[in-house]
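# Coordinates in review
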Amino acid sequence: MVDTDRAISRRTLLGALGASGVTALAGCSGGDGGSSGESGDTDTTDGTATSGSGTDSVTAAWVYISEVGDLGWSWAHDQGRKTVDEKYDWLETEYTEAVAPEDSERVFEQYAQGDADIVFGTTFGYQDPMYTVAEQYPDTYFEHATGYRTRENMGRYMGRIYQPRYLAGQATGMVTENDTIGYVAAFPIPEVIRSINAMALGARSVNPDATFKIRWVNAWFDPQTSRQAANSLIDEGCDVISQEQDSPAPVRAANEADVWASGYNAPMGEFGGDNYLVSPVWNWEEVYGPTVSAVRDGTWESDAFWGGMETNLPALDEWGPEVPQEVKDTVAETEEKIVSGELDVWAGSPFEGESDEFLFQEMNSFVDAVDAEVPE
């Protein structure tokens, strides 16, 4: 992992997103059932508010939608928390897990009334409760993952996971023998559609015959249904399985059926055996380290961060034990081009030249490589 003190800016401002609401976005990763998330007028903070003078120590709190467990969305966030907690002796961290969105306002208030200098909310459903509490406690700083609303004391953050998705897509396109790749998907929302499209474009970049089949689970975490979806795709001839799930159930199903699998959110190699490819994963310490440091230094800003692989926030984990060297070499070469800015994942696709606002909130159709329609 890259050091959180490396020489890059703490945030990357999104011009289009920074001043506009994301009214079409519904239930991002780790979310709460895919509800619409619309909440009326959105704040148009210009992203210039700062915390003023610094402090000798910082107390930071995290609120998670699910139990931390041993992998998945909340696990990845908690790994980021642990990393910065161990790194900085001036930092104290706290967390509360398995908090439903309807209960989150109370938890945010408790932290704001206590000793928390900054509170991180890690699921889309927390956005409106955090927005309300942030107004009531202007001396506490808040950060929300995956959403769009901001205040002078409330920022937002996410990563361009579609970049490592593209790379994982290249791997699937190179190992498939049937040219048919299965994708166990959560909800038909822009975030998931964006990931599917990126993987499909990656696969097509190395295999012009590659096609993706989709199964919608309508849940972020439903191991039984996810396993059934993976098996259904395998029965239809998919010889590679990919996923947008917090559970390794699709990877397990693929391994049992002796077909390749790509995971998501956390390293899943232990569940895929010799059939494991790779997983797009999160290194949330790349956000949390600079953010808590900015609170301590008095330079915190309310802004909109959507970092790519150049920040090491979205990344790929280690390759599976039987992945061909040709696959590794091809992906490594492509990764260098993405990180350097030489390659835009969307180049040559119907989404080439689209704004970050469109990519983040409005993508609602599939590229030709996807054999599916977006459900209404």
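Residues numbered from 1 in each chain as written. Predicted model: local features only at pLDDT ≥ 70, side-chain atom pairs only at ≥ 80, totals over all residues. Heavy atoms only, no water.

### Digging into the overall build of the protein
If you tally the helices and strands in the protein, you get twelve helices and twelve strands. Across the 376 residues that make up the protein, the buried fraction comes to 60%. At a minimum sequence separation of 6, the contacts of the protein that also span at least 24 residues come to 71%. Only carbon and sulfur atoms are counted for the fraction: they give 40% of the accessible area of the protein, which is about 14,300 Å². (Helix = DSSP H or I, 4+ residues; strand = E, 2+ residues; numbered from the N terminus. Buried < 20%, exposed > 50% of the residue type's maximum accessible area, 1.4 Å probe, protein only. Contact = heavy atoms within 4.5 Å. Areas by Shrake-Rupley, 256 points an atom, 1.4 Å probe, with all protein chains shown as cover.)

### Description of the sheet that holds strand 11 (residues 304-307)
Taken together, the six strands give an open sheet; going across it, the order is 2-1-3-4-5-11, and neighbouring strands pair in parallel fashion. In this open sheet, the two edge strands, each paired with only one partner strand, are strand 2 (91-96) and strand 11. Mean inter-strand twist for the sheet, computed between neighbouring axes without regard to direction, equals 20°. Examined bridge by bridge, strand 5 (residues 154-159) and strand 11 share four bridges and lie parallel to one another. (Pairing = 2+ DSSP bridges. Axes fitted to C-alpha atoms, helices over the stretch in contact; angles between N-to-C directions.)

### Quick look at the sheet that holds strand 9 (residues 260-261)
The sheet built from four strands is open, its strands ordered 7-6-8-9 with parallel pairing. Strands at the two margins of the open sheet, each flanked by one partner only, are strand 7 (211-216) and strand 9. Strand direction decides the pairing type here: strand 8 (residues 240-243) and strand 9, joined by two bridges, are parallel. Residue isoleucine 241 lies in a different strand from strand 9, and its bridge partner there is alanine 261.

### Concerning helix 10 (residues 285-297)
Here helix 10 spans 18 Å end to end across 13 residues, near enough to the 18 Å set by a 1.5 Å rise per residue. Helix 10 sits mainly inside the fold: eleven of its 13 residues count as buried. Taken together, the buried positions of helix 10 are occupied by Glu285, Glu286, Val287, Tyr288, Gly289, Pro290, Thr291, Val292, Ser293, Ala294 and Val295. Positive phi shows up at glycine 298, right after helix 10, with a value of about 80°. (Expected span 1.5 Å × (residues − 1).)

### A closer look at helix 2 (residues 73-87)
For helix 2, with 15 residues, the first-to-last C-alpha span of 22 Å sits near the 21 Å given by 1.5 Å per residue. Taken as a whole, helix 2 has its buried residues at Trp73, Ser74, Trp75, Ala76, His77, Asp78, Gly80, Arg81 and Val84.

### Description of the side chain of glutamine 163
Residue position: glutamine 163 is located in helix 5 (residues 162-175). A relative accessible area of 10% places glutamine 163 in the buried class. With sequence-adjacent residues up to four places away left out, glutamine 163 is seen in contact with Gly308, Met309, Glu310, Ile338 and Val345.

### Regarding the packing of aromatic side chains
One pass over the full model with this rule turns up 22 aromatic pairs. Look at tryptophan 73 and tryptophan 282: their rings are 5.8 Å apart centre to centre, the planes differ by 90°, and that puts the pair in the edge-to-face class. Here tryptophan 282 lies in strand 10 (residues 280-282) and tryptophan 73 lies in helix 2, a separation of 209 residues in the sequence. Ring centres of phenylalanine 124 and tyrosine 148 lie 6.3 Å apart, and the angle between their planes is 45°; on these two criteria the pair is classed as tilted. With phenylalanine 124 in the loop between strand 3 (118-121) and helix 4 (127-136) and tyrosine 148 in the loop between strand 4 (141-145) and strand 5, this pair connects stretches of sequence that are 24 residues apart. The same class applies to phenylalanine 124 and to tyrosine 148, which are both buried. Feature note: the residues Trp62, Trp73, Phe120, Tyr157, Trp282, Trp284 and Tyr288 constitute an aromatic cluster, connected by ring pairs. (Phe/Tyr/Trp six-rings, centres within 6.5 Å; stacked < 30°, edge-to-face > 60°.)

### Points about the pattern of salt bridges
For the coordinates displayed, the defined rule picks out nine salt bridges. Two residues, aspartate 356 and arginine 160, come together in a salt bridge whose shortest N-O distance is 3.0 Å. Here arginine 160 lies in the loop between strand 5 and helix 5 and aspartate 356 lies in helix 12 (residues 356-361), a separation of 196 residues in the sequence. Two residues, glutamate 236 and arginine 215, come together in a salt bridge whose shortest N-O distance is 2.0 Å. Of the two residues, glutamate 236 is situated in the loop between helix 7 (223-235) and strand 8 and arginine 215 in strand 7; the sequence distance between them amounts to 21 residues. (Salt bridge = Lys/Arg side-chain N within 4 Å of Asp/Glu carboxyl O.)

### Topic: the confidence of the model for the protein
Summary statistics for the protein give a mean pLDDT of 88 and a share of 86% for residues scoring 70 or more. Across residues 1-51, confidence stays below pLDDT 50; counting only partners more than four residues off in sequence or on other chains, it has 147 contacts. (pLDDT = per-residue confidence, 0-100.)

### Focus: the packing of helix 5 against helix 11 (residues 325-340)
Packing of helix 5 against helix 11 leaves a shortest axis separation of 10 Å and a crossing angle of 155°. Taken together, the axes of helix 5 and helix 11 are roughly antiparallel relative to one another. Between helix 5 and helix 11 lies a crossing of right-handed hand. Contact with helix 5, carried on its side by Gln163, Tyr166, Leu167, Gln170, Ala171, Met174 and Val175, involves Glu326, Val327, Thr330, Val331, Thr334, Glu335 and Ile338 of helix 11 and no other residues of that element. Its residues assigned to classes, the contact of helix 5 with helix 11 comprises eight nonpolar, four polar and two charged. (Parallel < 35°, antiparallel > 145°, perpendicular 65-115°, else oblique. Left-handed = near helix turned anticlockwise from the far one by under 90°. Nonpolar A, V, L, I, M, F, W, Y, C, P; charged D, E, K, R; others polar.)

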